[in-house]
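Single-letter residue listing:
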There are 4 protein chains.
Amino acid sequence: MNLELALRMCEAAVRQAAREGALISVAVVDAGGHLVAFQRMDGARITGPVLAPGKAYTAVAHRMPTADLAPLVLPGGELYGLAGDRYVCFGGGVPLGEPGDGRMGSEVAGAVGVSGGTVSQDVACAEAAAALWEGA
Amino acid sequence: MNLELALRMCEAAVRQAAREGALISVAVVDAGGHLVAFQRMDGARITGPVLAPGKAYTAVAHRMPTADLAPLVLPGGELYGLAGDRYVCFGGGVPLGEPGDGRMGSEVAGAVGVSGGTVSQDVACAEAAAALWEGA
Amino acid sequence: MNLELALRMCEAAVRQAAREGALISVAVVDAGGHLVAFQRMDGARITGPVLAPGKAYTAVAHRMPTADLAPLVLPGGELYGLAGDRYVCFGGGVPLGEPGDGRMGSEVAGAVGVSGGTVSQDVACAEAAAALWEGA
Amino acid sequence: MNLELALRMCEAAVRQAAREGALISVAVVDAGGHLVAFQRMDGARITGPVLAPGKAYTAVAHRMPTADLAPLVLPGGELYGLAGDRYVCFGGGVPLGEPGDGRMGSEVAGAVGVSGGTVSQDVACAEAAAALWEGA
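Residues numbered from 1 in each chain as written. Chains lettered and ligands numbered in written order. Predicted model: local features only at pLDDT ≥ 70, side-chain atom pairs only at ≥ 80, totals over all residues. Heavy atoms only, no water.

Where an unreviewed UniProt entry is consulted, chain A appears under the name Heme-binding protein, with the organism given as Streptosporangium vulgare.

Printed below as a string of structure tokens:
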């Protein structure tokens with residue numbers, strides 16, 4: 001992960017949000033789950049600074065989109081009871097593979113997390129950012 | 001948000017609680033989720049100082065009544081797994097639009113949170129406070 | 001402690017702040033350290049909702065004014081290393097004895113905490129509130 | 001505060017860091033202390049995502065540069081014992097007055113926080129960002 005790419009991913013998420021008519025926050029974290037870049041659109045909720053980095057952290061921590069994690073944490077699910085300070089287990093967090101890889105291998109280099117719209121809007125914005133990563 | 005109006009909202013919530021036969025705590029927060037006024041009725045639970053500001057914070061953070069948030073955080077709901085230090089995701093928190101607006105637009109100026117009665121009592125008390133805001 | 005008296009103490013602190021030219025937050029807690037009433041003046045810092053209840057909690061927890069606690073927590077002091085989520089160990093928190101007592105006995109019924117001005121302004125506001133308690 | 005200006009402030013801090021030979025993180029928060037933009041330079045410490053927003057929060061909460069707060073929290077200082085989740089009480093956080101104001105009035109619109117270099121480097125970077133605000 002590097003700052004320049006993280007900024008371009010934030011911009012891609014914000015552009016997608018504008019298309020969706022959503023006001024979002026977007027966070028990009030590195031392989032250690034630590035914030036590299038964050039942007040909150042004017043008028044976006046104050047909860048974005050908590051939830052967007054939380055989704056990104058959760059995505060990199062579990063190496064899967066938080067949308068895929070959602071069913072696993074349901075009562076009876078494999079990860080029911082998953083808890084932690086920064087866990088946010090619904091759609092909007094997307095892990096990032098090594099550049100040039102395109103598909104998720106065993107390594108993640110970071111993640112993007114988006115919050116502020118509906119869950120499907122958040123996912124669309126995060127995927128717009130991740131697409132940029134995969135093309136890098 | 002201002003202190004005078006926040007105090008009148010607290011009083012409105014307490015009057016409604018008296019009508020309901022409930023003992024409540026009521027919190028009013030600003031647009032940043034920070035406490036402006038708080039009142040706990042004599043005999044009300046000691047958890048009120050945590051839950052009432054938590055409901056108010058959650059309502060302003062998500063720009064919706066916490067009662068509307070409750071089904072979304074159920075297992076299988078869109079926001080199941082919503083987490084955060086100050087989140088309280090059941091009825092009793094009501095966001096406040098800009099004065100004169102009446103209806104929730106894209107902006108919230110604060111929120112009121114009530115805790116101590118049944119959930120429906122808490123909601124009734126919070127709405128009594130919010131009605132005063134909408135009339136301001 | 002009761003809400004009516006707590007409200008009058010908050011008002012006394014706010015009146016004193018106006019005299020001092022300070023913008024403050026004031027918190028009144030019961031014997032358990034739990035918030036009974038809180039008021040933040042228009043324009044007062046957002047840190048008041050953290051520090052004013054913290055000073056009140058600390059004053060009731062240690063049964064002494066936080067101003068008296070300040071030297072004890074200095075390096076080499078008896079309580080150096082005192083720590084805890086809600087501790088605030090400088091002036092502005094004042095414990096409240098049983099009504100009619102006037103002097104601090106072994107019992108405290110609550111405390112008042114003020115934050116937002118200089119420490120001496122905060123102390124003056126907290127004492128104005130406490131004076132009302134002692135006269136009750 | 002708005003995102004466009006927050007981004008330009010981040011860039012100004014990063015440019016100053018390059019001049020100083022420092023690797024920093026920079027955070028811009030709004031009047032409620034909530035993150036608007038954050039950037040961490042390549043190779044900057046992983047503690048930046050905690051300390052830079054913490055300094056910005058502290059600066060907006062106390063309406064003063066965190067460098068000015070540092071002597072007050074020393075043993076024997078007026079605010080020794082100041083505590084709170086997000087407090088960082090040494091140089092690198094700078095509050096932002098209303099645009100066009102230039103000097104700090106009674107209102108703050110947000111703050112910038114920088115972490116990663118020496119304290120004097122962090123201050124220089126935060127001031128470079130704040131200068132941009134004052135000129136806006």
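Don't stop here, the text continues.
Considerations on the interface of chain B and chain A
Between chain B and chain A, the residue contacts involve 18 residues of the former and 17 residues of the latter. When residues of chain B are sorted by the area they lose upon contact with chain A, B:Arg63, B:Glu78 and B:Tyr80 head the list and together hold 36% of the total. Seen at the junction of chain B and chain A, the total is zero salt bridges. Summed over the shared surface of chain B and chain A, the number is three residue pairs in polar contact (both at pLDDT 80 or more). In terms of residue class, the side of chain B that touches chain A is made up of 10 nonpolar, five polar and three charged. (Contact = heavy atoms within 4.5 Å. Buried area = accessible area lost by both parts, 1.4 Å probe. Salt bridge = Lys/Arg side-chain N within 4 Å of Asp/Glu carboxyl O. Polar contact = N/O pair within 3.5 Å; in protein donor to acceptor, adjacent residues only side chain to side chain. Nonpolar A, V, L, I, M, F, W, Y, C, P; charged D, E, K, R; others polar.)

So, the confidence of the model for chain A
Mean pLDDT over chain A: 91, with 93% of residues reaching 70 or higher. Across the whole predicted complex the pTM is 0.92, and at the interface the ipTM reaches 0.92. (pLDDT = per-residue confidence, 0-100.)

Describing the sheet that holds strand E4 (residues 110–115) of chain D
What the eight strands build is an open sheet, ordered E3(A)-E4(A)-E1(A)-E2(A)-E2(D)-E1(D)-E4(D)-E3(D); its pairing is antiparallel. Both edges of this open sheet fall to strand E3 (93–96) of chain A together with strand E3 (93–96) of chain D, since each of them pairs with a single strand only. When the angles between neighbouring strand axes are averaged without regard to direction, this sheet yields 15 degrees. Helix H4 (residues 119–134) of chain A rests against E3 and strand E4 (110–115) of chain A of the sheet, and its axis sits at about 150 degrees to E4(A). (Pairing = 2+ DSSP bridges. Helix = DSSP H or I, 4+ residues; strand = E, 2+ residues; numbered from the N terminus. Axes fitted to C-alpha atoms, helices over the stretch in contact; angles between N-to-C directions.)

Things to note about the pattern of salt bridges
The final tally for this structure, using the stated rule, is nine salt bridges over all chains. Between C:Arg40 and B:Asp30 there is a salt bridge; the shortest N-O distance is 2.8 Å. Placement of C:Arg40 in strand E2 (residues 35–40) and of B:Asp30 in strand E1 (residues 25–30) is noted, with the two residues assigned to different chains. Assigned by exposure class, C:Arg40 and B:Asp30 land together as buried. Between D:Lys55 and D:Asp122 there is a salt bridge whose closest N-O contact spans 3.1 Å. A residue pair is termed long-range when its members are at least 10 positions apart, and D:Lys55 in helix H2 (residues 48–62) and D:Asp122 in helix H4 (residues 119–134) qualify at 67 residues. (Buried < 20%, exposed > 50% of the residue type's maximum accessible area, 1.4 Å probe, protein only.)

What about the nonpolar core?
Residues and elements named next belong to chain C. In terms of nonpolar packing, the biggest core is built from 29 residues, with Met9, Ala13, Ile24, Val26, Val112 and Val114 touching the most fellow members. Looking at this core, the elements with two or more residues in it are helix H1 (3–20), strand E1 (25–30), E2, strand E3 (93–96), strand E4 (110–115) and helix H4 (119–134). Per element, the largest residue contribution to this core is 10 residues, and it comes from H1. Ignoring sequence-local partners within four residues, the contact set of methionine 9 consists of Met1, Val28, Leu96, Ala129, Leu132 and Trp133. (Core = buried A, V, L, I, M, F, W, Y, C linked by side-chain atoms within 4.5 Å.)

A word on the pairing of strand E4 (residues 110–115) of chain B
All names here are of chain B. E4 sits mainly inside the fold: six of its six residues count as buried. On E4, burial covers both faces: Gly110, Val112 and Val114 on one face and Ala111, Gly113 and Ser115 on the other are all buried. Sheet topology places E1 next to E4; six bridges connect them, and they run antiparallel. Counted as the bridge partner of valine 28 is valine 112 from E4. The sheet contact formed by strand E3 (residues 93–96) and E4 spans four bridges and is antiparallel.

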